[in-house]
Amino acid sequence: MLFELLLYLILFMVLLVGYIDIFPLVNDWVQRIKIGRFKDKILWNHKISNMGIRWLLKTPKIRITDNTRLIAIDILKRNYSSRAIQDWQEAALLLGLTETFRLKNDGEIKKEILEYINLKFDRNGHWLNKPKHVDAAILAYAVMKIDFIDTEKYKCAFDATWKMIKDHIGEDGTVEYRKFMKSYRYVDTIGFVCPFLITYGVRFNKEECIELGIRQIKEYVKYGMLKEHFIPSHVYKIDNNVPLGLYGWGRGLGWFAIGLIDSWSELPLGHKYKDDLEEIIIKFAKASVSFQQQNGSWNWTVTREETRSDSSTTATLCWFLLNAARINVITDDCLESTDKALNYLMSVTRKSGAVDFSQGDTKDIGVYSSLFNILPFTQGFSIRTINYYIINILKKEENQKRVS
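What this report covers is the structure whose coordinates are included nearby. Just so we're clear, the structure is a prediction, and the values are computed from it rather than from any experiment.

### With respect to the overall build of the protein chain
In terms of regular secondary structure, the protein chain is built from 14 helices and seven strands. Residues counted as buried form 55% of the 404 residues belonging to the protein chain. Considering only contacts in the protein chain between residues 6 or more positions apart, those separated by 24 or more positions represent 70%. Total accessible area on the protein chain is roughly 18900 Å²; 54% of this is exposed by carbon and sulfur atoms.

Take a look at the structure:
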């Protein structure tokens, strides 16, 4: 009797592990039926924004492992997902939905954002869970971008974020990705910290924050870029300024693009660093457009046509180019590229409204994910981009038609 019970228990565990492994694969297959049927940008915006609202309070966990077998073991070992990864996923959704609210002034979106804020901060505006990693700075930046709340109330949390960033400043005067990796400067960090540093510095009159954000970008341009083609390496080592990882890693371009364009946008007109960043934007925009694929995407390795298209790269570079189009000398090229990128993102959107085929989380310097699936980060930047596009491009075109 005991033997039979043990046998049944083993069989149950085998079936359970098998189910945990198989279910994601079957679910992806089902969800991709009728993928890419969206042709109208307004309808597409409605669908992806609704998905963003659903995900904000219940953000899908993003895997830090590429294992597709024995997933249950990774879950038990806590090797399946990471809180730090979730910070920038949620930040992107928040940025996207804030842009949606600017377009629609929708009460449901406002309610969901306020509920999310209440999960992150106490009544006095402190973080409920104090951030330890620089990834959280982009989340603080996203909160600062919400128009309908009194962001001054959360200054204590922003101050704590600034203190955390200061604790990560290395011997070269730039921000470390992690305290235990003092010799390396990651391109990711440009996107994580620079928009926050500029916004926080401008809003609370802290010039040292602006100086740090600008230094972070300029030092990466100096040591982390492939000079002729102007694309970033994944990392550079400050001891000898040697680039490490891949030149042309797609999401690396995306992180650089976010940090650069949002920092420039947050600087007031006439600021002493505005023109400096504009020069970098023009150069990087031309480089980005040159690597765009025929289908409107950028590949996960942008320099190789043989590699797979990556929606996260495409969404972030689309946001960058749409905003870079405000610079007259590159307006036409940027808008043409933006339209192609939006069409690609529509073509890989599931009927549920989830944008598919984003590269999974990077494992290490030079070790990149082979999985391509949904990613809240991509969803957020797709939402952010299309709403900004509707407000600043489509509505202006409509107004011009009425006048003529």
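### A look at the sheet that holds strand β5 (residues 242-244)
With antiparallel pairing, the three strands of this open sheet are ordered in space as β1-β4-β5. Whereas interior strands pair on both sides, the edge strands pair on one side only; in this sheet they are β1 (184-186) and β5. The mean angle between the axes of side-by-side strands here comes to 30 degrees, regardless of whether they run parallel or antiparallel. Pairing of β1 with strand β4 (residues 235-237) involves three bridges; the strand directions are antiparallel. Counted as the bridge partner of Tyr-184 is Lys-237 from β4. In the packing of helix α9 (residues 207-223) onto the sheet, contacts are made with β1 and β4, and the angle to β4 comes to roughly 80 degrees.

### Some points on unusual backbone geometry
The phi torsion at Asn-105 lies on the positive side, around 50 degrees, for a residue other than glycine. Mapped onto the secondary structure, Asn-105 falls in the loop between α4 (83-104) and α5 (107-120). In the Ramachandran plot, Asn-241 falls in the positive-phi region, its phi being about 60 degrees despite a non-glycine side chain. Structurally, Asn-241 is set in the loop between β4 and β5.

### Some remarks on the packing of helix α7 (residues 155-166) against helix α8 (residues 188-203)
Taken N-terminus to C-terminus, the directions of α7 and α8 make an angle of 125 degrees; their axes are 11 Å apart at the nearest point. Regarding the angle of α7 to α8, the classification is oblique. The two elements α7 and α8 meet at a crossing, and its hand is left-handed. Two secondary-structure elements touch here, α7 through Phe-158, Asp-159, Thr-161, Trp-162 and Ile-165 and α8 through Val-193, Phe-196, Leu-197 and Tyr-200. A per-class count over the contact of α7 with α8 returns seven nonpolar, one polar and one charged.

### A closer look at the pattern of salt bridges
The final tally for this structure, using the stated rule, is 18 salt bridges. Taking the shortest distance from any N to any O, the salt bridge between Arg-178 and Asp-135 comes out at 2.8 Å. A residue pair is termed long-range when its members are at least 10 positions apart, and Arg-178 in the loop between α7 and β1 and Asp-135 in the loop between α5 and α6 (136-144) qualify at 43 residues. On the basis of relative accessible area, Arg-178 is assigned to the buried category, the value being 10%.

### Notes on the side chain of Asp-310
Relative to the helices and strands, Asp-310 is located in the loop between α11 (274-290) and α12 (311-324). Despite being buried, Asp-310 has no salt bridge partner; Arg-251 is the closest side chain of opposite charge, sitting 4.5 Å away. A distance of 2.6 Å separates polar atoms of two side chains, one belonging to Asp-310 and the other to Thr-313. If near-sequence neighbours (up to four positions away) are discounted, Asp-310 is found in contact with Arg-251, Trp-298, Asn-299, Trp-300, Phe-357, Ser-358, Gln-359 and Phe-372.

### Quick notes on the environment of Ile-42
Counting through the fold element by element, Ile-42 comes out in helix α2 (residues 41-57). A relative accessible area of 48% places Ile-42 in the partly exposed class. Along the backbone, Ile-42 and Leu-394 are 352 residues apart, and their C-alpha atoms lie at a distance of 9.9 Å. In this structure, Ile-42 is in contact with Ile-390 and Leu-394, ignoring residues within four places of it in sequence.

About the thresholds
Residues numbered from 1 in each chain as written. Predicted model: local features only at pLDDT ≥ 70, side-chain atom pairs only at ≥ 80, totals over all residues. Heavy atoms only, no water. Helix = DSSP H or I, 4+ residues; strand = E, 2+ residues; numbered from the N terminus. Buried < 20%, exposed > 50% of the residue type's maximum accessible area, 1.4 Å probe, protein only. Contact = heavy atoms within 4.5 Å. Areas by Shrake-Rupley, 256 points an atom, 1.4 Å probe, with all protein chains shown as cover. Pairing = 2+ DSSP bridges. Axes fitted to C-alpha atoms, helices over the stretch in contact; angles between N-to-C directions. Parallel < 35°, antiparallel > 145°, perpendicular 65-115°, else oblique. Left-handed = near helix turned anticlockwise from the far one by under 90°. Nonpolar A, V, L, I, M, F, W, Y, C, P; charged D, E, K, R; others polar. Salt bridge = Lys/Arg side-chain N within 4 Å of Asp/Glu carboxyl O. Lys, Arg positive; Asp, Glu negative; His and termini not counted. Polar contact = N/O pair within 3.5 Å; in protein donor to acceptor, adjacent residues only side chain to side chain.

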